[in-house]
Structures are given as C-alpha cells and as structure tokens.
Amino acid sequence: MTESDPPESPAASEAAGRPAPQGDTQRLYFHGSGPTLFGIHIVNVLLTLLTLGVYYFWGKIRVRRYLMNQTELLGDRFAFHGTGKELLRGWLKAALVFGIPLLLLGTLPPFLEAGPGVQSLAALALYCLVQVFIPVAMVGARRYRLSRTSWRGIRFSFRGPAVEFLRIFIVGSLLSLLTLGLYYPFFEAQRYRFMTVNAYFGTRRFGFDGRSQDLLVLYLLAVLVAGVSVLVTSVVVAAIAAVLAAAASALSPDSPLHALPVYVLLFPLFLPTLGAVWAWFSAKKLRYFWDHTVFGDARFRSTVTGRALFRLRLVNLVLLVLTLGLAWPWVTVRSTRFAFRYLTLAGPLDLETIQQEAQEATAMGEGLSGFLDVGFDLG
Amino acid sequence: MMGSDGAVRAPRTEWEGAYLDGRTPTRQRATIRLMPSGLEILTERGARFFWPYAQIRQTQGFYAGEPVRLERGAELSEAVLVGSPAFLAELHAVAPEPGARFHHPARRRHRVPLTILAAIAVVGIVAALYRWGIPALAELAAARVPVAWEEGLGEAALGELAPPERRCTDPAGARALDTLVVALTRPLGATPYTFRVYVLDAPPVNAFALPGGHVVLLRGLVERVRTPEELAGVLAHELQHVLRRHALRALFRHASTGLLIAALAGDPTGAVTYGLEAARTLGALQYTREAEEEADLGGARLLLAAGLDPRGLVSFLEELGEGGTDPPGVLTYLSTHPSHADRIARLRAITAERPTTPVAPVDAEGWQAIRTMCARAG
C-alpha cells in the first residue's frame, strides 16, 4: 500500500507499559495489516458460502474484533465484545419487525394489481416507514457498537433515546425542505451533537461545543466555491464544445455530431473540479466536528486535509473496482490508518475518576441494531 | 513448581503483565505465574488472585502484535494482559490438558497455507455455484411460482416494453395471429397459460416472450419473415420460453448472482457493489444458451405436432445468419438469440422427419393481414 505506516506508538516497544504522563497529546494507533485481514475475510467468505449465509454474522464479528484489537491508545488495545449469535438474533428480530412490512408494502400492491390509489398509499406508507426506520436504526447501531466496545476493561455506552433522534430527524428534514436547504447545517450539527453528547466511556461523557452558525457559514462558502468552479468549468466546456462542433460541421455537414449536444460528452470534465471542492469541504467539516468534540477536559483535534481525503477516496475506489472488491481488507486498513493519522486528543484525561458504568447490553434497540449493522454503516 | 529433568527446558512460569479490575480504567502492573491448574496473579497493589484455567477465556492475542488477554467473570470482567505471545506457548507446556483450549502461537504458521486454500476453495465454489448451482436453483424456484404471479409480472413488463399506444392493432391481422396461435397450441392440450401475441411498432428484427403468456413481435421481424412457416417457427420458439418459464429462471439467476457478489465483497453496501451491479445487469435477463436450445427443440417438436412444416424456423435463422445487405442494427434477433452453426445443424436434424403434407399455418389473406398490420394502423 502506498500509505506510509503510522509513527510507532511510544508504548508499542514497552509491552508492560505504564500510562503515559497525563496532560500530553494522545493518539490512536492502528497496527492491523491488510494480508491478515484478507486471511480473515476470505475464510469468512468461504464459511458464509458453505453455511448458506448463516456464518455472515460471525464473520462480521471476527473482522470487527480484529480491527478493535489492533487499535491502541496509551499502550492498551481496544476490545470488541459482540457475538455472532446476538447479531444473528438481532437480524432475525429486525427482519420480522421491519423487513417483512417493508417487503410486503413494496411488492404486494403491484402484484395484487391494486388500484392507483392503493398503490400510492402503499408507497407513502413505505416512505414513512423508511423515514422512521433510518434514525431508529442509526441510534440502535451506535448503541450496540459502543456497548460492545471497551478499553482497559471499561465499556463505552450510548444513552441517547431513539425518540429524541427521531424528532430531530423529522423536524430537521421538514425544515431543511421548507427553507430550501438553509436549515440543513443546523440539522447536521444537531445530529452530530446527539450522537456525541450521548456517548460515554464508563461514567465519563463526551461533549460537543460546535455552533450551527459556523457550519452554516461553511456550507454557504462551499456552495459559493462550487458555483464558481462550475461556472469556470462550464465556460471551458462550452468553448471546447463550440470548437468541436465547428470542426465536425466543417468536416461533414451531415454529421450527426452537431445534432447531439456535445457538452454531454464533455460532462466528465466537471468531476475533478467538483470532486476537489467536495474534498475540501468534507475535510473542513470533519476538522470542525472533531475540533469541537471533547472528552472531559481533553479535546480532539483533526488536521485532515482535503487533498489527503481526495487521494484516499480515489485510491480506495480504484483499488476496489480493479480487484472486483477483493482489495476490501486493504482498503479498510488504509481508511482506518488514515482516520487515526490526523487525529489527536490533547489535555488531561484523569482516568482515575472514571468508573465502569456499562449500560444494559440487551437494550430494546439491539434487535434493530443487529439488523442495521448489516445494511447501514453509519456508526 | 515443575521440575526439570535436564533434557527438557524448564518452562518459564513467571511473567510480567498488567491487571485490569473491570471497574476502573487503571492498569496495574502484575506478576502472573503459570500453575498446572490455573494462574496466580500478584498485583502491584499487593492483591493476590488464583484463576483456575476452566474459568478463563482468551479474548485477544490471536494475531501478531496483539497482547495476550485473558478474562475471567461474566459480562464486565477482570482481565490480565501479557505482551508476549510466548506466554501462551509456555502455558501449553505447563498445563497441556486444561490449557488446550487456549490459542497456541505455533498455529499461526498454518495461516498462510490455510488462507491460500480458502481462497482456492472460494474461487472453486463461486465458479461452481455460478455454473451449476444458480441455474439449478433458479429452475427449482421458477417451477414453484404460481401462474397468477407470473401473469402479474408479465403484465407489468408488457406495459413497460410494449405500451398499448405503440402496438399495431389492425383487427384482421390480430385475428390471423390468433388463428396461428390456436393452431400452434392445439397439440399442447390444456396449459395454465393464456397466450397473447402483440405486434410492437418498432423497426428491429426481434421477438420476445414475457412470463405468463405474452409474446411480443416487433414490426421489423413481421416484415422480415418470408413465409407463414417462418413466422410460425419464431412463435413456436417464443411459446417455449413461456412454457419453460425461462424469463423467471433468468430473474432468479439474476437475484442469486447478486447474493453471491454480496457474499464476496466484504461490505455489500459499498461503492463496489454499484459497479458490479451495473456489470451484472448488462449480462442479465438474456437467456442462457441452454434455454435457447430448449426453446429450439421444443419449438420444432411443437411445429411437428401441429402438423406444420418446421423448416421455417431453420430457414429464418439461416437467412438472418447470412446477413447480406441489411443495414446494421436490424439483426437484433441474433444478438439476443445467438445463432451457432451447431444450433442450425441440430435443428436440421430434428426437422428432417417432417409431415409429408404440412398444413398451412394461416391462409393467404390472413398472412397478408399480418404482414401489413402496422402499415394499416399507421
């Protein structure tokens, strides 16, 4: 892989390690390797095929466990405690509660040759169900993942009620629509805040002190930059198109070329410029969110850049497409290293004041989360 | 303590590690002693524990770089951590029997060959599933779909592919086509399907069958066939696709190929899936060569049973195969109904035994009406 290895962790050489002096800047380190993850993955695929899909859940747990076990903070590894059995059970439950109604609403009306009224009603019900389903699922997945993750024997947890997130989601979607997107930055900040301030490590809560206005400014700036870049690219494309059309009609007056809008063929020219704007914006947003996330008196800090993000995504996509998905383990390792390379946690951690306070492991959302673990990757 | 008998190296029983109490995130230094029946743990704060092996589970230390982590207790457990994987090897030496369920670092060297074996097995299984498993499954599943569902599916597809306003509806032509279908389906006796033939006002030389009994002929094909026998041949072939549920089989094949791809890619929601999905759709819903041969064979038999001259099917295929002066794009029928020399040869062999006095599929007047169906409507 082209990405350089992360700096060697101070504690890696000192296996028995004491906690590093507090008040320092801490980092996460990822030690996982692509070939090892590939070995895990290919055995998972084999067993999933042999068991007609049942092993899928156990395989997923093995991968997640490996990724967590290879992640280090202050000389200690994270641990993942989920099991394949609970994931399968959760998936079955969620399939029963959500999957079957979704499937029925989606496929039955056309099959039964229902009238257009019934069909649009079913489509509306389907839409509403999915709208409810997504936020509940996101909360469920986060609750499940955090409750099964630990560091130094202390569990993380998520205590945000799904109902509250559902409210944020519905109000946010409606207001974004009514204000033609102007409200969207507020909606996004609320979602991030909810996901962050309800996360705990033992008794210690995470915090977020970002302001929606800042995000709004960032969005407006991005729209402006994107608009200018589209304008500039359009002028260039139009010029090229005019030259091509003139050349085509000069060569053969009956050519079908000038019947066809040539700029359609030049459309891909927009991708690099818009891609660059998108990467710049994503990196800026990512930095904003991390820089305003706190853990007690310690604050996260991200130094990720748009250029690096663009390169990561592009190389990952090329790797995946060229190998028909077989490079997935390397892509995962690359992405995890990337995420940690630009992230630090500065300030006193005061670990002594933290106590174990795990939340009920089989929460109501667990069935759903298990199911959503399959489809959504939003954790 | 275990004694050394000189020939065997005495196992190292004392290890430096860490102890986590499961209540605070404080890492206590600890000395861990390997005993024949369990671990003795002495923490830097002076606490001493004895953990019988039967109560311990290993949760980390299976892969390079991971410390060995042993836990004891239920959900939120205490744990001891030892940095070196050699600890595990020594545990096996000190307590071979109770220690057998813990990972042995020596096993790691089998991983590379195992990974290669697994990769070969995956390739083999996927290839076999694609070649045999999926077609067999698709056939099995297609046979169990109720005809009513098939009709619903066909109806929906018909609305998309051949909307009513683009159909040629000249009544004389439609009557003649019905006569032809009745003649062709008489030898079948009672079938669960109601066959209907439509002519779509479109230039390509093509025809297709939808689940549930709809057969669509394109104007290009109707104008291109030279004799009623050739048209009867094409129809007999398409009716076989309906009767053998080839479209359903193709649908099931398509769906299960999707599942297979999902199993191969680690994350079925990822961007790859979209790329692969596109590739899959391109090859989808084309009948397999086997399905085409089945339809040929069955079509020829049907023509014979109806007392018609089956050579029309052959001559039409031959004529298309010769191509000649046609502008490109007209030969679509061949691209969806691949013609091979051996396909024609096989058909010739079947049609060798033909009725001495074949019946005419339609009378001259009906034939004329079919040929000009779209012209009259326009």
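Since the model is a prediction, treat every value here as computed from it, not as a measurement. (Residues numbered from 1 in each chain as written. Chains lettered and ligands numbered in written order. Predicted model: local features only at pLDDT ≥ 70, side-chain atom pairs only at ≥ 80, totals over all residues.)

Observations concerning the overall build of chain A
Now for step 1: A count of helical and extended segments in chain A gives eleven helices and ten strands.
Now for step 2: Residues classed as buried in chain A amount to 32% of the 379 residues present.
Now for step 3: For chain A, the share of sequence-separated contacts (at least 6 apart) that also reach a separation of at least 24 residues comes to 71%. (Helix = DSSP H or I, 4+ residues; strand = E, 2+ residues; numbered from the N terminus. Buried ≥ 20, exposed ≤ 12 C-beta atoms within 10 Å, placed from the backbone. Contact = placed C-beta atoms within 7 Å.)

Points about the overall build of chain B
Now for step 1: For chain B, the helix and strand inventory stands at 14 helices and ten strands.
Now for step 2: Evaluated residue by residue, chain B yields a buried proportion of 36% over its 378 residues.

A look at the environment of G210(A)
Residue and element names in this part refer to chain A.
Now for step 1: Locating G210 in the fold gives a position in the loop between strand 7 (204–208) and helix 7 (212–251).
Now for step 2: Along the backbone, G210 and R64 are 146 residues apart, and their C-alpha atoms lie at a distance of 30 Å.
Now for step 3: Contact partners of G210, with chain neighbours within four places excluded, come to A189, Y288, F289 and H292.

Side note on the sheet that holds strand 1 (residues 25–30) of chain A
The strands that make up a sheet are held in pairs by hydrogen bonds between backbone atoms, and each pair lies either parallel or antiparallel.
All names here are of chain A.
Now for step 1: Overall, antiparallel pairing links the ten strands, which are arranged 1-2-3-4-5-6-7-8-9-10 in a closed barrel. Geometrically, the sheet is characterised by an average inter-axis angle of 30° between neighbouring strands, direction not taken into account.
Now for step 2: Direction of pairing for strand 1 relative to strand 2 (residues 71–73): antiparallel, over a ladder of three bridges. From the neighbouring strand, F30 faces strand 2, where its bridge partner is T71.
Now for step 3: Each of strand 8 (293–295), strand 9 (298–302) and strand 10 (343–346) touches helix 8 (residues 270–291); the most contacted strand, strand 9, lies at about 170° to it. (Pairing = 2+ DSSP bridges. Axes fitted to C-alpha atoms, helices over the stretch in contact; angles between N-to-C directions.)

Notes on the sheet that holds strand 5 (residues 56–60) of chain B
Residues and elements named next belong to chain B.
Now for step 1: Judged by pairing direction, the sheet is antiparallel, and its seven strands sit side by side in the order 4-3-2-1-7-6-5 without closing on themselves. The sheet is open, and its two borders are formed by strand 4 (48–52) and strand 5, each paired with just one other strand. Averaged over all pairs of adjacent strands, the angle between their axes in this sheet comes to 30°, without regard to strand direction.
Now for step 2: As judged from the five bridges shared by strand 6 (residues 68–72) and strand 7 (residues 78–82), these two strands associate in the antiparallel manner.

Quick word on unusual backbone geometry
Now for step 1: Although it is not a glycine, L74(A) adopts a positive phi angle of roughly 55°.
Now for step 2: Within the element layout of this structure, L74(A) appears in the loop between strand 2 and strand 3 (76–80).
Now for step 3: What makes L74(A) buried here is the crowd of 24 C-beta atoms within 10 Å.
Now for step 4: Phi angles above zero are rare outside glycine, and R245(B) is one such case at about 55°.
Now for step 5: Relative to the assigned elements, R245(B) resides in the loop between helix 6 (228–243) and helix 7 (246–264).

Here we look at the nonpolar core
Residues and elements named next belong to chain B.
Now for step 1: Core analysis: the biggest nonpolar cluster contains 55 residues, and V215, L217, L235 and L239 have the highest contact counts within it.
Now for step 2: A per-element tally of this core places helix 6 first, with eight residues.
Now for step 3: Setting aside residues up to four positions removed in sequence, L217 forms contacts with V197, V199, A207 and V222.
Now for step 4: A30, V68, V94 and A95 belong to the second largest nonpolar core, which has 23 residues in total. (Core = buried A, V, L, I, M, F, W, Y, C linked by C-beta atoms within 7 Å.)

Things to note about the pairing of strand 9 of chain A
All names here are of chain A.
Now for step 1: Where strand 8 lies against strand 9, two bridges are found, and the strand directions are antiparallel. Paired with F295 across the two strands is A298, which belongs to strand 9.
Now for step 2: Bridge analysis of strand 9 against strand 10 gives four bridges, and the strand direction is antiparallel. Looking at strand 10, one finds that R299 is bridged to A346.

Section: the confidence of the model for chain B
All names here are of chain B.
Now for step 1: This prediction gives chain B a mean pLDDT of 80; 84% of its residues lie at or above 70.
Now for step 2: Note that pLDDT drops below 50 for residues 268–272; the model gives that stretch twelve contacts with residues more than four away or on any other chain.
Now for step 3: pLDDT under 50 marks residues 278–284. Its contacts with residues more than four places away, or in other chains, come to four contacts.
Now for step 4: Among the prediction metrics, the complex's ipTM stands at 0.75, with pTM recorded as 0.74. (pLDDT = per-residue confidence, 0-100.)

So, helix 5 (residues 162–178) of chain A
Residue and element names in this part refer to chain A.
Now for step 1: Here helix 5 contains 17 residues, and its C-alpha end-to-end distance of 24 Å stays within 8% of the 24 Å for a straight helix at 1.5 Å per residue.
Now for step 2: Where helix 5 is concerned, the buried positions are A162, F165 and F169. All buried residues of helix 5 project into a common sector of 60° when viewed along the axis, lining one side. Residues of helix 5 that are exposed and angled more than 90 degrees away from the buried face: V163, L174 and L178.
Now for step 3: In this fold, the buried residues of helix 5 make contact with helix 4 (116–147) and helix 6 (184–197). (Expected span 1.5 Å × (residues − 1). Arc of directions from axis to C-beta.)

A few points about the packing of helix 9 (residues 306–322) of chain A against helix 10 (residues 328–341) of chain A
All names here are of chain A.
Now for step 1: At a closest axis distance of 9 Å, the pairing of helix 9 and helix 10 adopts a crossing angle of 170°. Here helix 9 is positioned roughly antiparallel relative to helix 10, judged by the angle of their axes. Two secondary-structure elements touch here, helix 9 through L312, N316, L319 and L320 and helix 10 through W328, W330, V331, R334, S335 and F338.
Now for step 2: Its residues placed into classes, the contact of helix 9 with helix 10 shows seven nonpolar, two polar and one charged. (Parallel < 35°, antiparallel > 145°, perpendicular 65-115°, else oblique. Nonpolar A, V, L, I, M, F, W, Y, C, P; charged D, E, K, R; others polar.)

A closer look at the pairing of strand 10 of chain A
Now for step 1: The pairing of strand 1 of chain A with strand 10 of chain A spans three bridges and is antiparallel. Residue pairing across strands places T25(A) opposite A346(A), the latter belonging to strand 10 of chain A.

Some words on the environment of P187(B)
Residue and element names in this part refer to chain B.
Now for step 1: Inspection of the secondary structure puts P187 in the loop between helix 4 (171–185) and strand 8 (196–200).
Now for step 2: With 13 C-beta atoms counted inside 10 Å, the residue P187 sits in the partly exposed group.
Now for step 3: Setting aside residues up to four positions removed in sequence, P187 forms contacts with L302, A305 and A306.

So, the packing of helix 1 (residues 34–50) of chain A against helix 10 of chain A
All names here are of chain A.
Now for step 1: Contact pair helix 1 / helix 10: the axes reach a minimum separation of 8 Å and the direction vectors enclose 135°. As the angle between them shows, helix 1 and helix 10 are arranged oblique. Crossing geometry of helix 1 relative to helix 10 is assigned as right-handed. Between helix 1 and helix 10, the contacting residues are G34, L37, F38 and H41 on the first element and W328, P329, W330, T332 and V333 on the second.
Now for step 2: Class assignment for the residues of the contact of helix 1 with helix 10 results in six nonpolar, three polar and no charged. (Left-handed = near helix turned anticlockwise from the far one by under 90°.)

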